[in-house]
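# Chain and residue survey
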Amino acid sequence: MSQWYLSFNGQQVGPLSEEDAVARAKSNPSGHAWKEGFAEWKPINQVPELNSGGIPAGPPPQGGTIAHEIDYKIFGEEMQFVEIELDPGESAVAEAGAMMYKDLPVSLDTVFGDGSAKAEQGGFMGKLVGAGKRLITGESLFITMFTHKGGSGKAKVAFGAPYPGTLIPVCLNDIGGSLICQKDSFLCAARGVSIGIYFQKKILTGLFGGEGFIMEKLEGDGMVFIHAGGCVVERELKAGETLHVDTGCIVAFQPSINFEIQQVGGIKSALFGGEGLFFASLTGPGKVWMQSLPFSRLAGRMLQAAPASKGGGGKRTGEGSILGSLGDLLDGD
C-alpha cells in the first residue's frame, strides 16, 4: 500500500497510511499531498483519494521538503528593492552583495552551493555539484542565506536591484515548478529553490541566442525574484503562437516555450537595420518575460559615450554644450 505525505504551511507529515491521510486531510484540507506515483505535489482538495481531483501544484520537493513560505513587498520604481518578511525559522537565499538591510534577529550565513534541500541532502558532493552549476553560469561558488533565528515575531530583510530596472516576483508553484532565465538575472528566493543550469540544445540558438549555450534554471515550489532592465512585459503564448523578440530582451520563459533563432530579413536589413543578424523566435504554449533595456545595451551606450581618455570607445561631443572639450576641462573630465 502506498504511503502518503502531507504538508501544512511548510511542515511535512508522513509517511502515513491512506486512512490516516484521509483523517488529517478532513481536519485540514488546505495543505498538499504526495505519494509514490505522483509526479508532483497536489492540493489536498484536488486529490481523488482524499477529496476531489484536479490540477497539479508543482514538482515533488527534493528529499521530502518544500520551499519556505515567505511574504514580500516590492518598493520603488526605477531602482527597486524587495523586502522579505520571515517567520522564525524561515530563510531566504540571495546573491552575494544583494542585501540592502536586515532586522537584528535575521542571521547571515554564507553557504557552499545554492542552499537547496537537494544540495544539502547530497552531502559534500551535492554541494559541490550545486556550486559547480553556479560557477558555470558565471555566479559565485557561494550563496548567502538569511534566517530568522529569533524566538517569535517577524523579521525583515531587503535586497536591492543591481541596476535600473524591474524586479519580477514569480511563484514557481504557479507555473509548473520550473523557470529558465538569463544569466545574472537571479536576485533572491525562498530557501529550498534549486538554482541550476539550462543548456541550449541547438547550436545556432546557443551561438546567436543572446545568452549563449548556458542559462539559469530555477526549480522548486517557492518564490523567486529575478531582475530585468527597464520595463518588463509578460506575455502568455498559446499553443503554436509565435513571438519574435530581440535576443537581448528575453529575461525568462517557461520550459514549455520553444526557443529558436531566426535570421533577420535580407542582407541589407541585417547590415543596416540595427537589429543584428538574428532575433529570437518563441513559440508557445507558456509564459515569457521580456525587458525593454538589456544591461548589455545600457553598458554599450555608456561605454560609447565615455571619452577615450577614460577608457571609453566612443567620441565625446560635449553633450550639446558649445564649449565641447573646453567644457570637459572646466568640469574636471
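Coordinates for the structure precede this section.
Residues numbered from 1 in each chain as written. Predicted model: local features only at pLDDT ≥ 70, side-chain atom pairs only at ≥ 80, totals over all residues. Heavy atoms only, no water.

## Regarding the overall build of the protein chain
Along the backbone of the protein chain there are seven helices and 23 strands. Sequence separation of at least 24 residues holds for 68% of the intrachain contacts in the protein chain that already meet a minimum separation of 6. (Helix = DSSP H or I, 4+ residues; strand = E, 2+ residues; numbered from the N terminus. Contact = heavy atoms within 4.5 Å.)

## A closer look at the sheet that holds strand β18 (residues 232-237)
Read from one edge to the other, the open sheet built from six strands follows the order β15-β16-β13-β20-β23-β18, with strand pairing classed as antiparallel. Sheet topology places β15 (194-199) and β18 at the edges, where each strand pairs with a single neighbour. Pairwise comparison of adjacent strand axes, ignoring direction, gives a mean angle of 25 degrees for this sheet. The pairing of β18 with strand β23 (residues 286-291) spans six bridges and is antiparallel. For Arg-235, the partnering residue across the bridge sits in β23 and is Val-288. (Pairing = 2+ DSSP bridges. Axes fitted to C-alpha atoms, helices over the stretch in contact; angles between N-to-C directions.)

## Thoughts on the nonpolar core
Judged by nonpolar contacts, the single largest core of 41 residues is most densely connected at Ile-84, Phe-159, Leu-179 and Leu-218. Counting 14 residues, the second largest nonpolar core, distinct from the first, contains Met-215, Cys-249, Ala-280 and Val-288. (Core = buried A, V, L, I, M, F, W, Y, C linked by side-chain atoms within 4.5 Å. Buried < 20%, exposed > 50% of the residue type's maximum accessible area, 1.4 Å probe, protein only.)

## Some words on the sheet that holds strand β19 (residues 242-245)
Read from one edge to the other, the open sheet built from three strands follows the order β19-β22-β21, with strand pairing classed as antiparallel. Unpaired on one side and paired on the other, β19 and β21 (258-263) mark the two borders of the sheet. The sheet shows a mean angle of 30 degrees between the axes of neighbouring strands, direction not considered. Bridge analysis of β21 against strand β22 (residues 278-283) gives six bridges, and the strand direction is antiparallel. Paired with Ile-261 across the bridge in β22 is Ala-280.

## Concerning the pattern of salt bridges
This model, assessed by the stated rule, comprises five salt bridges. Where Lys-287 meets Glu-234, a salt bridge forms, and the shortest distance between an N and an O atom there is 3.4 Å. Of the two residues, Lys-287 sits in strand β23 while Glu-234 sits in strand β18, which places them 53 residues apart along the sequence. Given a relative accessible area of 22%, Lys-287 falls into the partly exposed group. For Glu-241, the salt bridge is made with Arg-235, and the minimal N-O distance between the two is 3.5 Å. Given the relative accessible area of 28%, Glu-241 is considered partly exposed. (Salt bridge = Lys/Arg side-chain N within 4 Å of Asp/Glu carboxyl O.)

## Points about the packing of aromatic side chains
If you walk through the whole model with that rule in mind, you get five aromatic pairs. For the pair Tyr-72 and Phe-225, a centre-to-centre distance of 5.0 Å together with 75 degrees between the ring planes defines the contact as edge-to-face. Of this pair, Tyr-72 sits in strand β5 (residues 71-75) while Phe-225 sits in strand β17 (residues 223-229); the two residues are 153 residues apart in sequence, bridging distant segments of the chain. Aromatic side chains Phe-75 and Phe-81 sit 5.0 Å apart centroid to centroid with 10 degrees between the ring planes, which places their arrangement in the stacked category. Aromatic rings pair up to connect Phe-75, Phe-81 and Tyr-101 into one cluster. (Phe/Tyr/Trp six-rings, centres within 6.5 Å; stacked < 30°, edge-to-face > 60°.)

## Notes on the side chain of Thr-283
With respect to the helices and strands, the residue Thr-283 is situated in strand β22. Among the polar contacts listed, one links the side chain of Thr-283 to the side chain of Thr-242, at a separation of 3.1 Å. Excluding residues that lie within four positions of it along the chain, Thr-283 makes contacts with Leu-237, Gly-240, Glu-241, Thr-242, Ser-256, Ile-257 and Asn-258. (Polar contact = N/O pair within 3.5 Å; in protein donor to acceptor, adjacent residues only side chain to side chain.)

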